[in-house]
Amino acid sequence: MLAESPNQDLGELIQIALDVAGSLEPREVIARILERGTHAVQADRATLSSLVDDHVVIEATYGRAGELTWVGQRYSLDYFAGQPLVQKAIDTLQPAFGGRLAADKAAPEFRQALTNVRHVAVVPLVHGGRAVGMLVFSRYEDRPFTAADLAALTLLGTISGLALRNARLFEEGKAARERADEAAARLREAAEAAEDVASQVHLDAVLRRLLQRAGASVGADGTSLARLEGAEMVIESTPTGELVGTRWPLMPKVLAGVTLGHPVELTAGEYTGAPEGLESVVQPYRRFLVAPLAVGGETIGLLAMGRKTDEPFDPAAVQSLQQFSALGALLLRNARLIAQAQVAEQAKSEFMSIAVHELRAPLTVASGYLGMALEGAFGGLPPALKDALATAQRKAEEAKLLADELLAVARMEGKVLTPNAEAITLMGALQDAVARARPRAALVKAKMTIEPGDDSTALADRAMVATILDNLLNNSLIYTDHAPTIHMRARRDAGQVAITVTDDGIGVAPDDLPRIFERFARGTDRVSREKPGSGLGLYLSRGLAEQMGGSLKLEASQPGKGSTFVLRLPPAAS
């Protein structure tokens, strides 16, 4: 009996409801249900169980002496077929009480405890029209549960069922948040790993980082990366370089998995029949994981990882590896494309260098013979023939100059040109450039001035600086529709030294600005199209400046009013 009057009963039950509902932690809720319920119905012991699918899980027991025991055993619901009282409570969703439980039908571990029980009340914990658990109250004295206890037991079951369900939902929500946080953390790790891989430029470095990051993400002891070619794999990278370039057949199970884009995990027992030559590599490992690297539905690589202990790979780590693999595959494909482009570019530069070199030799011979003929080495020449030969010699010299320019570009792109850094004064470099340009400047009546300024010293290659200045002055003398004026000055500029070349020529059209330093770029305006030139001067000049650790930029330009170019170079030590 709860109390002497119904009002007291109701008040105590309300207090129990508030007390039980005061926590959302499942263990705390269970402890409160058992403790408050035991005292409320004057029982000697209480046991709370959860009903999960077709099983019952015994959560905890509580005795009047205050001891709380967490149990955790799990039994099939069929177990209660021999306990009619329990079965009745679950089926009717109403409290059931009577004598003791059938000790001989109970699990062996409970038989001794049940021999002391005289009376039992089974209270289903109901939520949403179904039993989510049950409370079993036991009395050791001959004091049976009666109909007078029914209302209290029913209300206690409803309160406890609701509280336990809320606690379970809270626990599930908390677990879901933790899983979401863990997934977000793994995604961040995958993104950081991909960013680390993306920081590499060369294919070999990308492959090494892919292996390092992939192995670390799943706790592997050994890794390799291969490309997939039909039913075979070709080893592309290993930490030691062993077996790189070798070709091996794929196990059918692995091939079936990676074809579907799924990682495949194998035990040492499953990994049988390793190809001859691969046994020594496979032998140290007890677990294997093969993950595909796929882009756009195409498998472009295979990550193979081994673990020396016979422990399964963590599913969460494998999922994180899949996220990383999606980004890693994209980075690997890009690195391969860049490597292919670099090989093609190198081959093109080598071809250009060889072709131009071979072209330059006959041009030199032809120009030499033409010069000898014009000087009378082969006898007198009619005026008409002499004019024709002079034109031919001039064109041969122009072709030789173009060949020299192409050869310089090929050597620059092929990284053959190595700057010979020395201290050079900017004023001296400008004066030498003006002296070289003076004959051509005289033809177009150009005015060239060097403004007085800081006689700074640069650490640069004298010949490369001369080539750059010659190209800038040559452009200023060519791209104009009047007698040009060219101003030059040397100065210090933000930790570097700089040469500024300003002219009053035709300038650069706005549409041409983005491509002015590209190979073979020519202006699209009428005057530019009419002027001779290869379109390689600025491209070559910028490349040479960058090889010396400097830069060449178009600082300002306005159509019809001229342009200003700035060559910046590292300063020489004072």
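Predicted model only: the values in this text are computed from it and were never measured. (Residues numbered from 1 in each chain as written. Predicted model: local features only at pLDDT ≥ 70, side-chain atom pairs only at ≥ 80, totals over all residues. Heavy atoms only, no water.)

## Considering the sheet that holds strand β19 (residues 551-558)
- An order of β15-β17-β18-β20-β19 is seen for the five strands of this open sheet, with the pairing classed as mixed. This sheet does not close on itself; its edge strands, each paired only once, are β15 (447-450) and β19. Each strand axis lies, on average, 15 degrees off the axis of its neighbour in the sheet, ignoring direction.
- By the bridge criterion, eight bridges tie strand β17 (residues 485-493) to strand β18 (residues 496-503) in an arrangement that is antiparallel. What sits directly across from Arg-491, in β18, is Ala-498. (Pairing = 2+ DSSP bridges. Helix = DSSP H or I, 4+ residues; strand = E, 2+ residues; numbered from the N terminus. Axes fitted to C-alpha atoms, helices over the stretch in contact; angles between N-to-C directions.)

## Considering helix α2 (residues 26-40)
- Between its first and last C-alpha atoms α2 spans 21 Å; for 15 residues at 1.5 Å apiece the expected length is 21 Å, and the two agree.
- Of the residues trailing α2, Gln-42 is marked for its positive phi of about 55 degrees. (Expected span 1.5 Å × (residues − 1).)

## A word on the environment of Asp-44
- If you trace the backbone, Asp-44 turns up in the loop between α2 and β1 (45-52).
- Note on Asp-44: relative accessible area 17%, which makes it buried.
- Separated by 95 residues in the primary sequence, Asp-44 and Arg-139 place their C-alpha atoms 5.1 Å from one another.
- If sequence neighbours within four positions are ignored, Asp-44 has contacts with Thr-38, Tyr-62, Gly-63, Arg-64, Ser-138, Arg-139, Tyr-140 and Glu-141.
- Looking at Asp-44, its side chain comes within polar contact range of the main-chain nitrogen of Tyr-140, at 2.6 Å. (Buried < 20%, exposed > 50% of the residue type's maximum accessible area, 1.4 Å probe, protein only. Contact = heavy atoms within 4.5 Å. Polar contact = N/O pair within 3.5 Å; in protein donor to acceptor, adjacent residues only side chain to side chain.)

## Focus: the environment of Arg-542
- Structurally, the position occupied by Arg-542 is in helix α14 (residues 537-547).
- Judged by its relative accessible area of 30%, Arg-542 is partly exposed.
- Separated by 11 residues in the primary sequence, Arg-542 and Lys-553 have C-alpha atoms spaced 7.8 Å apart.
- Filtering out sequence-adjacent residues up to four positions away, Arg-542 remains in contact with Phe-517 and Leu-552.

## Concerning the packing of helix α12 (residues 462-478) against α14
- Contact geometry for α12 and α14: axes closest at 9 Å, N-to-C directions at 150 degrees. Judged by the inter-axis angle, α12 sits roughly antiparallel to α14. Remark: the crossing between α12 and α14 carries left-handed chirality. Across the interface between the two elements, Met-464, Thr-467, Ile-468, Asn-471, Leu-472 and Asn-475 from α12 touch Gly-537, Leu-538, Leu-540, Ser-541, Leu-544, Ala-545 and Gln-547 from α14.
- In terms of residue class, the contact of α12 with α14 is built from seven nonpolar, six polar and no charged. (Parallel < 35°, antiparallel > 145°, perpendicular 65-115°, else oblique. Left-handed = near helix turned anticlockwise from the far one by under 90°. Nonpolar A, V, L, I, M, F, W, Y, C, P; charged D, E, K, R; others polar.)

## Quick word on the sheet that holds strand β10 (residues 247-249)
- The antiparallel open sheet is built from six strands, whose spatial order is β10-β9-β8-β13-β12-β11. Only two strands of the sheet have a single partner each, and these edge strands are β10 and β11 (264-267). Neighbour-to-neighbour, the strand axes of this sheet turn through a mean angle of 30 degrees, independent of strand direction.
- One ladder, built from nine bridges, connects strand β12 (residues 287-295) with strand β13 (residues 298-307); its direction is antiparallel. Across the sheet, residue Val-295 finds its bridge partner in β13, namely Glu-298.

Function cannot be read off these values alone, since they describe shape.
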